[in-house]
Each structure stands twice: as structure tokens, then as C-alpha cells.
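Okay, here's what each chain looks like letter by letter:
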Amino acid sequence: MKANEIMAALEAKHPGEDLFLQAAREVLETVEEEYNKHPEFEKAKIVERMVEPDRIFTFRVTWVDDKGEIQTNLGYRVQFNSAIGPYKGGLRFHKAVNLSMLKFLGFEQTFKNALTTLPMGGGKGGSDFDPVGKSNEEIMRFCQAFMLELWRNIGPDTDVPAGDVGVGGREIGFLYGMYKKLAREYNTGVLTGKGETWGGSILRPEATGFGALYFVNHVLETAGQKLAGKTVALSGFGNVAWGAAIKATELGAKVVAISGPDGVCHIKDGITKEMIDYMLVMRASNRNKVQDMADKFPAAATFTAGKKAWSIKCDIALPCAFQNELNEADAKELVANGTMCCCEVSNMGCTAEAIHYFQHAGILFAPGKAVNAGGVATSGLEMTQNAAHLAWSGEEVDAKLKWIMSSIHEQCVRYGKKADGTIDYVKGANVAGFMKVATAMLEQGTI
Ligand code: GLU
């Protein structure tokens with residue numbers, strides 16, 4: 001295959017789907033060389049099949065707001081690839097959600113899930129519903145209306161949604177309640193990220209951030225560096241940034257920045273436990289303002305409007321919020337300020353130009369599909385517990401999460417080791433995930 005030719009055909013077929021095309025280009029360009037060593041893949045047209053989702057559901061979601069007014073949003077579920085297991089991936093509620101965004105996320109999820117070592121295919125869904133400024137009751141009514149449409153297309157062995165941006169434990173609760181009412185079955189494994197008393201896994205809320213820091217630790221150690229004593233800038237203050245802040249602090253690093261759409265909080269002496277706990281209050285408020293942290297802890301945090309986390313001097317940059325949140329100009333600013341490592345915790349957190357800039361500057365860089373895979377991996381562990389009707393202890397889940405992150409790191413090293421001994425984590429993660437899915441597709445015939 002020629003990545004450029006396939007990309008040209010995809011661009012012609014899906015004009016304007018910029019996010020999906022960006023994700024597809026990165027994967028195709030990095031797997032091209034390995035793919036071409038396998039003529040059986042070429043013959044079975046694996047790559048041409050893999051870039052199209054198995055199916056997409058689009059639906060209207062109508063609900064009533066607190067003023068009694070009728071609101072209509074769009075809902076989606078992209079069932080991307082089920083070669084290695086049931087579709088698995090989160091739901092994103094954000095005003096910018098569109099099909100291109102969910103196709104990019106479903107495509108990424110397919111390879112990420114393959115890296116986890118667990119049998120999960122790739123899927124993603126969501127809505128252009130904007131949770132900012134909504135009351136709890138409005139969020140509940142929206143979740144119920146969303147599930148009213150989605151429930152027939154999901155199931156523990158069919159498609160298992162979970163959280164993503166704008167969807168956390170509260171939303172999963174409302175979604176599950178409605179699912180149960182409609183299905184008339186206590187199908188626990190139909191969603192992950194559930195509450196601990198009704199089938200959720202201990203550590204699932206922390207898992208994305210914890211797993212990311214375990215991975216960062218491997219990246220640093222492989223390069224002969226240490227996490228302890230390093231300064232870390234995080235973007236966002238949601239579930240992912242929260243877990244990352246806890247684990248980074250526990251491992252001896254100092255989190256000096258968190259950010260939001262409104263600006264950045266510089267936390268000179270490092271984030272404290274009280275501040276980390278307050279991130280949960282900020283998320284539950286639906287205000288989406290990081291300034292609230294500086295208002296609550298004025299002596300410790302300084303807020304600057306309109307600035308990103310990347311404007312704060314740090315050793316390690318961890319994008320934890322949204323795709324393309326770190327661009328080339330940000331990468332240049334970070335490198336000029338002495339940053340030595342950037343690991344994407346958000347999905348496709350860096351633009352292609354930013355990644356190339358980091359790689360050429362010799363900065364340690366690892367992509368989201370490897371770094372943040374601990375979240376969906378722990379969702380996979382939740383599915384296992386649900387299928388076995390039991391609950392593991394926190395120690396058990398954490399030990400499995402650590403093992404999975406170390407195995408993902410090994411797979412990246414296996415496929416990404418360069419002649420000079422350094423690791424191309426982008427190539428390593430893409431090739432490792434791709435080979436697993438491609439082999440399964442080949443063995444299952446032309447379907
Ligand atoms: N939304 C998360 C991700 O991007 C988690 C998905 C899941 O747990 O299914 O991987």
C-alpha cells in the first residue's frame with residue numbers, strides 16, 4: 001500500500017472530516033513500511049477496510065430543559081472495528097462533537113484497545129449536547145433521552161460505551177438507569193465506569209491518569225531519567241487530569257499547572273491534596289472554569305486568563321483535555337523553556353506539526369493511544385469482573401493496570417526501536433496495534 005494514495009482517496013471520499021483524516025494519516029504513514037512486508041494484507045485489502053467504520057448510528061435526541069423549553073441535539077455511535085472483541089469506547093458530550101470527531105476517536109480506539117492485551121474492538125459515540133451551565137436535572141433528562149435511542153444497539157457482548165469528555169460517573173449512572181428500565185435486565189456489563197455499588201470497578205475513575213503516569217515512568221526510565229523531582233504541567237481539570245495529578249504527586253513529581261478553556265493556574269509550589277480534591281468539585285459544578293481553583297486557593301494558585309498550560313515552565317508536559325490542544329507554537333515554547341518530555345494523555349492531544357517538532361528536537365514523546373490506554377484497559381477489567389459477577393480489590397486492579405501499561409510500553413519498544421537505540425513511540429504504538437487488528441481481520445475472512 002501507498003499511504004499517500006490511500007489518504008488521497010479517503011480525502012476525496014470524506015471531505016471536511018479533518019480530525020478523522022489527521023488520525024488516519026498518522027497511522028497509515030507509520031505502518032506503511034511494516035504493512036508492505038505482508039503481501040497477504042495487501043491482497044485482503046486490510047487497510048482499505050480498516051479505515052471505514054463497520055457501521056454508524058445517528059439519531060435525534062430531544063429533551064426538555066429546566067425552563068420547559070424543548071431542546072434537540074444530535075446523537076451518534078460509531079461502531080468502528082470488532083475484529084478482536086465487542087465494540088468498546090467512550091461517549092463524548094461536547095458542543096463541538098460531530099461525526100468526524102467521533103470517527104477519529106473510534107479509529108484511535110481500535111488500535112488503543114488492541115494494545116491493552118484485552119479482547120476489545122473499537123467504538124465511540126456522543127452528542128453535541130453542551131453540559132456547561134446545565135443543571136443536574138437537565139443532564140439526567142438528556143442522558144435518559146440519549147439512551148432511549150441507543151439502547152437497542154449496545155450490550156455486554158455487542159458494544160460497551162463508557163465515559164469520555166463531558167461523561168463521567170454521574171452521566172454513566174443516568175445512562176445505566178435508563179438502559180436497565182428499557183432492557184428489563186440487569187445487564188451490568190453494558191456500560192463501564194459505573195458506581196462501585198452497582199458493578200463499577202475500583203480504580204476505574206483514577207485509571208486513565210494512573211496508567212498514564214505508569215507509562216511516563218517507563219518512558220523516562222528507558223531514557224535513563226527519573227520522574228521524582230520533575231515539574232509537570234497538565235491541561236484540563238477533569239477526570240483524566242485529576243488522576244494524573246494524584247499519581248504524579250504520589251511518585252514525587254510536582255504539578256505546577258492545570259488549565260481550562262478560560263486560562264491557566266500556575267501552582268508554583270506544586271498541587272496539594274486539597275486542590276486535587278477540589279478538581280472534583282469544579283467538574284461537578286458544570287462551570288468549566290479553572291479560575292475557580294485560584295479563587296478557592298489564592299495563596300497557592302495564580303490564574304492567567306487566555307493562556308495555556310504550555311506557557312508555564314515545566315520538565316514534563318501532559319495534555320489531558322482535548323484533541324489538538326498543543327500546537328507547534330506551544331511545542332516551541334515548551335522546548336525553549338526546557339521541557340524534556342511530552343506524553344499525550346488526551347486523544348490526539350498534539351497536532352501533527354507539534355509531534356514532528358518534538359521528535360526533531362529530541363524530546364521524549366509518546367502518543368495518547370499508548371499513554372492513556374489504562375482507562376479503557378480498566379474498563380476491560382470492569383467487564384471481566386461483571387462477567388464473573390465479582391469485584392476485585394484495589395490492589396488487584398492496580399497490579400493488573402501496572403502490568404498492562406508495562407506490556408504496552410514493551411510493544412512500543414518492540415516496534416518502535418530505532419537504529420540509534422531511541423524509541424519512536426508513535427510508530428511503535430501504531431504498528432503494534434495495527435498488526436494485531438490486521439491479523440485478526442485476515443484470519444476472519446472477507447466480511
Ligand atoms: N474514553 C476513554 C478513552 O478514550 C475510555 C473509554 C472506555 O473506557 O471505554 O479511551
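Residues numbered from 1 in each chain as written. Predicted model: local features only at pLDDT ≥ 70, side-chain atom pairs only at ≥ 80, totals over all residues. Heavy atoms only, no water.

## Here we look at the overall build of the protein
Within the protein, the secondary structure is distributed over 17 helices and 12 strands. Against the compact-globule benchmark of 22 Å for 447 residues, the protein has a radius of gyration of 21 Å, which places it among compact chains. With the C-alpha coordinates aligned to their principal axes, the bounding extent of the protein is approximately 65 × 60 × 45 Å. In the protein, buried positions account for 57% of the 447 residues. With the model as given, the accessible surface of the protein reaches about 17,900 Å², and the carbon-plus-sulfur share is 52%. (Helix = DSSP H or I, 4+ residues; strand = E, 2+ residues; numbered from the N terminus. Rg over C-alpha atoms; globule rule 2.2 N^0.38 Å. Buried < 20%, exposed > 50% of the residue type's maximum accessible area, 1.4 Å probe, protein only. Areas by Shrake-Rupley, 256 points an atom, 1.4 Å probe, with all protein chains shown as cover.)

## Quick look at helix α17 (residues 425–443)
Its 19 residues place the ends of α17 27 Å apart at the C-alpha level, agreeing with the 27 Å of an ideal helix rising 1.5 Å per residue. The buried count for α17 comes to 14 of 19 residues, which makes it a mostly enclosed element. One side-chain oxygen at the N-terminal end of α17 lies 3.1 Å from the backbone nitrogen of Val426; it belongs to Asp424. Just downstream of α17, Gly445 is the residue with a positive phi angle, here 85°. (Expected span 1.5 Å × (residues − 1). Polar contact = N/O pair within 3.5 Å; in protein donor to acceptor, adjacent residues only side chain to side chain.)

## Some points on the pattern of salt bridges
For the structure on display, the rule yields 22 salt bridges. Across the pair Glu328 and Lys332 runs a salt bridge, and its minimum N-O distance is 4.0 Å. In this pair, Glu328 and Lys332 both sit in helix α12 (residues 328–336), four residues apart, roughly one turn of the helix. Via salt bridges that share partners, Glu11, Arg25 and Glu29 belong to a single interconnected network. (Salt bridge = Lys/Arg side-chain N within 4 Å of Asp/Glu carboxyl O.)

## A short note on the sheet that holds strand β4 (residues 122–127)
Spatial strand order, β1-β2-β4-β3-β5: five strands in an open sheet with mixed pairing. Each having just a single partner strand, β1 (55–64) and β5 (159–162) make up the two edges of the open sheet. Recorded for the sheet is a direction-independent mean angle of 20° between the axes of neighbouring strands. Pairing of strand β2 (residues 70–81) with β4 involves six bridges; the strand directions are antiparallel. Paired with Arg77 across the bridge in β4 is Gly125. (Pairing = 2+ DSSP bridges. Axes fitted to C-alpha atoms, helices over the stretch in contact; angles between N-to-C directions.)

## Some points on the site of the ligand
Surrounding the ligand, one finds 13 residues, the nearest of these being Lys88, Lys112, Gly163, Asp164 and Ser379. Between Asp164 and the ligand, the recorded distance is 2.8 Å, taken from a side-chain N or O atom to a nitrogen atom. At 2.5 Å from an oxygen atom of the ligand is found a side-chain nitrogen or oxygen belonging to Ser379. In isolation the ligand offers 290 Å² of accessible surface; the protein chains occlude 94% of this area. Sort the elements by how many residues they give to the shell around the ligand and strand β3 (residues 87–93) lands first, with three residues. Its residues assigned to classes, the shell around the ligand comprises two nonpolar, six polar and five charged. (Near = heavy atom within 4 Å. Nonpolar A, V, L, I, M, F, W, Y, C, P; charged D, E, K, R; others polar.)

## Details of the side chain of Asn187
If you trace the backbone, Asn187 turns up in the loop between α7 (169–183) and α8 (204–222). Engagement of the side chain of Asn187 in a polar contact is seen with the side chain of Tyr179, the distance being 3.2 Å. Discounting residues that sit within four places of it in the chain, Asn187 has contacts with Pro156, Tyr176 and Tyr179. (Contact = heavy atoms within 4.5 Å.)

## Considering the sheet that holds strand β6 (residues 231–234)
The sheet built from seven strands is open, its strands ordered β9-β8-β7-β6-β10-β11-β12 with mixed pairing. Each end of this open sheet is capped by a strand with a single partner; those strands are β9 (302–305) and β12 (364–366). Across this sheet, the average inter-strand angle for adjacent strands is 15°, counted without regard to direction. As defined by bridge partners, strand β10 (residues 316–318) adjoins strand β11 (residues 341–343) across two bridges and the pair is classed as parallel. Within β11, the residue paired with Ala317 across the bridge is Cys342.

## A closer look at the side chain of Glu108
In this structure, Glu108 sits in helix α5 (residues 99–115). Glu108 gets classed as buried once you look at its relative accessible area, which sits at 3%. Beyond its immediate sequence surroundings of up to four residues, Glu108 is in contact with Ala23, Met348 and Lys369.

## Description of the packing of helix α6 (residues 136–150) against α7
Between α6 and α7, the least distance of the axes is 8 Å, while the angle of their chain directions is 45°. The angle between the axes of α6 and α7 places the two elements in the oblique class. For the pair α6 and α7, the crossing hand works out as right-handed. From α6, Asn136, Ile139, Met140, Cys143, Gln144, Phe146, Met147 and Leu148 reach across to α7, where they touch Arg170, Glu171, Phe174, Leu175, Met178, Tyr179 and Leu182. Across the contact of α6 with α7, the residue classes break down as 11 nonpolar, two polar and two charged. (Parallel < 35°, antiparallel > 145°, perpendicular 65-115°, else oblique. Left-handed = near helix turned anticlockwise from the far one by under 90°.)

## Focus on the environment of Phe111
For Phe111, the location among the structural elements is in helix α5. Given a relative accessible area of 1%, Phe111 falls into the buried group. Placed 318 residues apart in sequence, Phe111 and Ala429 show a C-alpha to C-alpha distance of 8.1 Å. Filtering out sequence-adjacent residues up to four positions away, Phe111 remains in contact with Val27, Met50, Lys369, Gly433 and Phe434.

The quantities given are spatial measurements derived from coordinates; they are silent on function.
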